[in-house]
Amino acid sequence: MTHKALQLEQEEALLNFRGSFFFYVLLPPIILEAGLSLKTQLFVDNLGSIMAFAVVGTLVSTWVVSASMRWAAETELIGLQDSPLLPIYCHLFGALISATDPVATIALFGSSRFRTDPLLHSLINGESVLNDAVAIVLFSTLTHHLHEEEPRLISMGILGHFGVVLFGSVVMGVAAGALLSWCFCSSNDLTRFPDYEIAGMFLGAYLTFSVTQLLGLSGITALFCFGVVLAHYNWYNLSEPSKVSSKVIFGTIAKLAEAGVFVYLGVVAALSIGRFHWHGGCIFFALLAIIVARAAHVFPLSLMLNLCRRTRKISNNMSVVMWVSGLRGAIAFALSLRVPCEGREYLRGSEACRNSDLLVTTTISIVLATTMVLCL
């Protein structure tokens, strides 16, 4: 085999990567660190509003995007081919593109050039980390209904499965975090070994993730809840060296994982030019759809929540900032790689993968557009 042929084969293998490495290696550290670094008091104080934006908002956004994409596909505006799986493809894209990026959002609104209001900061950051978990659960639920004859997003089967998976994952994460916190609290000698403390947290996190996945639930959701419980209860059980070291270690691993995702995104974007299926109309229409979809849940939910909030209200300016703060990133891209091809041929760039290719390239374009435009 010539050097050029070997290089082409390696590039094909890279482009046909299915995304399992992201979900089982790169995403867990990102989600765990998001849970550990969460400001729990502000999060708890605004939990109702955050859950409304994360759960109801994600469902509304998914429905608006999927309905818009299906209409555009049927009118042949965006290049998606008509097929029996087209409706569920649109639902999958709506779910994955509704996942905002917590690391980019927290980095942007936590920087020194933004004097973010504490309430706004809590709502945006809390929504971004929970929204990812909800979007992943919804995406996984939809993949279980991939071959239904008439797949509908709003159906008792899908919503019931979604509710069971989300609730079960939250219970798993909270229970695991509480159990590990109790173990640390009961062990008086463990504080003498900071390396064991950090290793115990790390192993406990991956054990929680693995067991939850084996039970058919969402390991990412459980891992986030696990991190929140540890941050709120286990922090006081750690020795002083572990308090400092754990923040640095878990933060560094998360940033390396996030960088790895974006490096791979850039490589795929460069190699896919001329190989994947691209469609400018699909990218433009999807951008327009997510803008409308975010407005469709941010502003109505803000008005309804203000009727129930006894403390500070969500102002119009805050609603506008929340509307434009929907950066898409690692999770949306990783989910797009898990959209299956329609035929048995799983070669990216083939006609069997035309629709899934378009969803991948559209997601790449939206991630680059939202991240670069909003960060400037």
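Residues numbered from 1 in each chain as written. Predicted model: local features only at pLDDT ≥ 70, side-chain atom pairs only at ≥ 80, totals over all residues. Heavy atoms only, no water.

A. Structural view of the pattern of salt bridges. One pass over the structure, following the stated rule, counts three salt bridges. Between Glu-127 and Arg-294 there is a salt bridge, and its shortest N-O distance comes to 3.0 Å. Here Arg-294 lies in helix α12 (residues 280-308) and Glu-127 lies in helix α7 (residues 118-144), a separation of 167 residues in the sequence. Look at Glu-127 and you get buried, because its relative accessible area is 2%. The closest approach of N and O atoms between Glu-240 and Lys-243, which form a salt bridge, is 3.5 Å. Separated by three residues within a single helix, Glu-240 and Lys-243 lie in helix α11 (residues 240-272), roughly one turn from each other. (Salt bridge = Lys/Arg side-chain N within 4 Å of Asp/Glu carboxyl O. Helix = DSSP H or I, 4+ residues; strand = E, 2+ residues; numbered from the N terminus. Buried < 20%, exposed > 50% of the residue type's maximum accessible area, 1.4 Å probe, protein only.)

B. Layout of the packing of helix α5 (residues 86-97) against α7. Relative orientation of the contacting elements α5 and α7 amounts to 165°, with a least axis distance of 8 Å. Considering their axes alone, α5 and α7 lie roughly antiparallel with respect to each other. For the pair α5 and α7, the sense of crossing is left-handed. Contacts from Ile-88, His-91, Leu-92, Ala-95 and Leu-96 in α5 reach Ala-135, Leu-138, Phe-139, Leu-142 and Thr-143 in α7. Considered class by class, the residues forming the contact of α5 with α7 number eight nonpolar, two polar and no charged. (Axes fitted to C-alpha atoms, helices over the stretch in contact; angles between N-to-C directions. Parallel < 35°, antiparallel > 145°, perpendicular 65-115°, else oblique. Left-handed = near helix turned anticlockwise from the far one by under 90°. Contact = heavy atoms within 4.5 Å. Nonpolar A, V, L, I, M, F, W, Y, C, P; charged D, E, K, R; others polar.)

C. Examining empty space enclosed by the protein more closely. Enumeration over the complete set of coordinates arrives at two cavities of 30 Å³ or more. Empty space within the largest cavity amounts to approximately 60 Å³. If you go around the largest cavity, the residues you meet are Pro-28, Pro-29, Leu-32, Phe-202, Ala-205, Tyr-206, Leu-223, Phe-250 and Ile-253. Those elements that provide at least two residues to the lining of the largest cavity are α2 (20-36), α9 (194-214) and α11. Within the lining of the largest cavity, the residues separate by chemical class into nine nonpolar, no polar and no charged. When its volume is computed, the second largest cavity comes out at roughly 40 Å³. A total of four residues in the lining of the second largest cavity trace back to one element, the largest contributor, which is helix α4 (residues 47-74). Residues belonging to the lining of the second largest cavity are distributed by class as follows: one nonpolar, seven polar and three charged. (1 Å grid on protein atoms, 1.4 Å probe; cavity = no way out; pocket = protein on both sides within 12 Å on 5 of 7 lines; lining within 4 Å. Points joined across faces, edges and corners; volume = space filled by probe spheres on them.)

On their own, these measurements won't tell you what the molecule is for.
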